[in-house]
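# Secondary and tertiary structure notes
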Amino acid sequence: MAAEGGGKEMNEIKTQFTTREGVYKLLTHSEYSRPNRVPFNSQGSNPVKVSFVNVNDQSGNGDRICFNVGRELYFYIYKGVRKAADLSKPIDKRIYKGTQPTCHDFNTLSATAESVSLLVGFSAGQVQLIDPIKKETSKLFNEERLIDKTRVTCVKWVPGSENLFLVAHSSGNMYLYNVEHVCGTTAPHYQLLKQGENYTVHTCKSKSTRNPLLKWTVGEGALNEFAFSPDGKFLACVSQDGFLRVFNFDSVELHGTMKSYFGGLLCVCWSPDGKYIVTGGEDDLVTVWSFLDCRVIARGHGHKSWVSVVAFDPYTTSVEESDPVEFSGSDEDFQDQIHFGRDRANSTQSRLSKRNSTDSRPVSVTYRFGSVGQDTQLCLWDLTEDILFPHLPLSRTRTHTNVMNATSPPAGSGGTNTGSNGNNSITSTPGNSIPPQLPRSNSLPHSAVANANSKSSVMDSAIASGVSKFATLSLHDRKDRHHEKDHKRNHSMGHITSKSSDKLNLVTKTKMDPAKTLGTTLCPRMEDVPLLEPLICKKIAHERLTVLIFLEDCLVTACQEGFVCTWARPGKVVREQGLRVSDNWDNTHFLFPLEDLKVVTKNIS
């Protein structure tokens, strides 16, 4: 691997990188692409996307992968770090005319070895339900484009449902569908169900039940992506107007909002315990937002262009009860700790809940998340306790995150509820002096959803009550912070400077004036929140990156050329069947029996 430095070396494509866990290695034999492996001419095409599902077959190789490249859609058995990819035998391959697939999602609830339900969104606005194992096309929604004529930007199954799915379009609208219902032969008519600040929700008005069940209009411009919370109760949406909006999905009420530093927001994800949301977008930043406090708690700067994907790594998120073990990063040292990643992945979820106990032993929490962007770079970030709870005495915690200008919040603001308007309290926040406790994994705090317990479901509300009361949310501007002294950042932020902050005030006025949001809880100034530096930042592709997915034994990336790459986690190249050894001189891979491991290692060294 090229040494860190300037000039030509910085532009080289990296095939491995080192974190505190050890060395992550690119497995060239596990690369998925079009069968001819020719780079795709990506000009004018939609981003390459990847979806995974496990069908739990008896062979133990139940992972399936779907990815789109241009007009083509591929479905393969995913062999990951275990075996080389066989691109000559796709389970299913489809080529579309007149439109391109833009996104897709498997229903993990109903997936079996004999059948899977895959939703595919298209550039012309349609949504197709297919079964790539049976090679069947079940239904086509919005076939005549009577519901929405614009590109599908995101499609996902509603968590816990085999029939409901949600579709977002570049028009700024989202639609809730039921696979059992038809779309109708005429354009749908709507009646207002709920209205709030820069969003409306309508129900379909018809004599018989038809799709769409609900129509959401959110913000201004395209709705670029949405993500359900781990428990499925909340929905986070990011739009081209630069806003993150978080809704209670059942009661269709706004929980909280955030504004990008500038430009549109392109991607969003939830932490494994549902306490934090990370966004990325056209300001080249990753932004960490607290679900409980409804405020920005950190920003991260490492990308040189738009951030296209953010994702948490649930297998590296850790809870430490004692001084952590530091790793040198070498493979030899890591072999003694080969069980470390597996043990931590298995125990993290249960150990996160220890913050709810009365145990007096210090517990430190580290969230790991990653991001990829149009600058072809992969960044990994650590979100540690010194960022999450800056006003508490710190136990000894490990961190590779450099924090600049990490100032404590002003007195009395730590637990302030900024998400209420007069009579209606939208969210409950913890007390001013005690930080919020980490809930059990995949479960949002009861205090945050207590107001939704009495709410009926979206469908019950839509059918039974018709037009309900309007729900609005006004976020009060936080008072300007008083600093005893000026702070200077140690590293240049490029275009993000105080001058650019002043220029932001001159942006053309919209319904939500950016000049009025800058410096508030919606959009704190750069010096008002901690600025994270990436744990690693590596150029890993020739074209812009469009995919980042964390799996148990690897992470998966993809670029616009149509190459889906597998990066083995430290120690995960070792398997019962054998050991793959990478020859760094010619980048070839070999498969050896485990009994030959000592001989192979000796010969290579």
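The model shown is predicted, which means the values in this text are computed figures rather than measured ones.

Time to look at the overall build of the protein chain. Looking only at helices and strands, the protein chain features eight helices and 39 strands. Pairs at least 24 apart in sequence give 61% of the contacts found in the protein chain among residues at least 6 apart. When the accessible surface of the protein chain is totalled, it reaches about 26,500 Å², and 49% of it is carbon and sulfur.

Taking strand neighbours across the sheet as the criterion, the six strands line up as β11-β12-β13-β16-β15-β14 in an open arrangement whose pairing is antiparallel. Taken across any chain shown, the strands that pair with only one partner, and hence form the sheet edges, are β11 (152-157) and β14 (189-196). Each strand of the sheet is rotated relative to its neighbour by a mean of 20 degrees, with strand direction disregarded.

Turning our eyes to something else, we now look at the environment of P212. When you line up the elements, P212 lands in the loop between β15 (199-205) and β16 (214-218). Residue classification places P212 among the buried positions, given a relative accessible area of 0%.

Y32, V50, I65, F67, Y78 and V564 are the most contacted members of the largest nonpolar core, which has 23 residues in total. Residues within four places of I65 in sequence aside, it is in contact with Y32, V50, S51, F52, Y74, F75, Y76, Y78 and V564. Grouped together as the second largest cluster of nonpolar side chains are 22 residues, V158, A168, L213 and F226 included.

Judged by how many residues are buried, strand β8 (residues 118-122) sits mostly within the fold: five of five residues are covered. With burial as the criterion, each face of β8 is covered, one bearing L118, V120 and F122 and the other bearing L119 and G121. Pairing of strand β7 (residues 101-106) with β8, which is carried by five bridges, proceeds in the antiparallel orientation. Its bridge partner lying in β8, P101 is registered against F122. Relative to strand β9 (residues 127-131), β8 is paired through four bridges, and the arrangement is antiparallel. Paired with L119 across the bridge in β9 is L129. Adjacent in sequence and paired antiparallel, β8 and β9 are bridged by four residues, among which G125 carries a positive phi angle near 110 degrees.

The next subject is the pattern of salt bridges. Summed over the entire model, instances satisfying the criterion amount to twelve salt bridges. Between K194 and E253 there is a salt bridge whose closest N-O contact spans 3.7 Å. With K194 in strand β14 and E253 in strand β20 (residues 253-259), the pair connects residues that are 59 residues apart, well separated along the chain. Per residue, the accessibility class of K194 equals that of E253, and both read buried. Several salt bridges converge on common partners, so that one network encompasses R20, E21, R368 and D382.

Moving on, we get to the sheet that holds β8. Pairing is antiparallel across the open sheet formed by four strands, whose spatial order is β7-β8-β9-β10. Across the chains shown, the open sheet's two edge strands, defined by having one partner strand only, are β7 and β10 (136-141). Sheet twist, expressed as the average angle between the axes of neighbouring strands with direction ignored, equals 20 degrees.

Moving on to the UniProt feature "repeat: WD" (unreviewed entry) in the protein chain. Mapped onto the present numbering, the UniProt feature "repeat: WD" (unreviewed entry) falls on residues 258-290. Summarising residues 258-290: 0% helix, 61% strand, and an end-to-end C-alpha distance of 10 Å.

Of note, the amide linkage connecting N211 to P212 takes the cis form, showing an omega dihedral of 0 degrees. Of note in the backbone geometry, R37 takes a positive phi value of approximately 60 degrees without being a glycine. With respect to the helices, strands and loops of the structure, R37 is situated in the loop between β2 (22-32) and β3 (50-54). We classify R37 as partly exposed; its relative accessible area is 36%. Backbone geometry at V252 places phi at a positive 45 degrees, although glycine is not the residue there. Within the element layout of this structure, V252 appears in the loop between β19 (243-248) and β20. The class for V252 is buried, based on a relative accessible area of 3%.

Conventions we followed
- Residues numbered from 1 in each chain as written.
- Predicted model: local features only at pLDDT ≥ 70, side-chain atom pairs only at ≥ 80, totals over all residues.
- Heavy atoms only, no water.
- Helix = DSSP H or I, 4+ residues; strand = E, 2+ residues; numbered from the N terminus.
- Contact = heavy atoms within 4.5 Å.
- Areas by Shrake-Rupley, 256 points an atom, 1.4 Å probe, with all protein chains shown as cover.
- Pairing = 2+ DSSP bridges.
- Axes fitted to C-alpha atoms, helices over the stretch in contact; angles between N-to-C directions.
- Buried < 20%, exposed > 50% of the residue type's maximum accessible area, 1.4 Å probe, protein only.
- Core = buried A, V, L, I, M, F, W, Y, C linked by side-chain atoms within 4.5 Å.
- Salt bridge = Lys/Arg side-chain N within 4 Å of Asp/Glu carboxyl O.
- UniProt positions renumbered as here; feature names shortened; annotations may be inferred.

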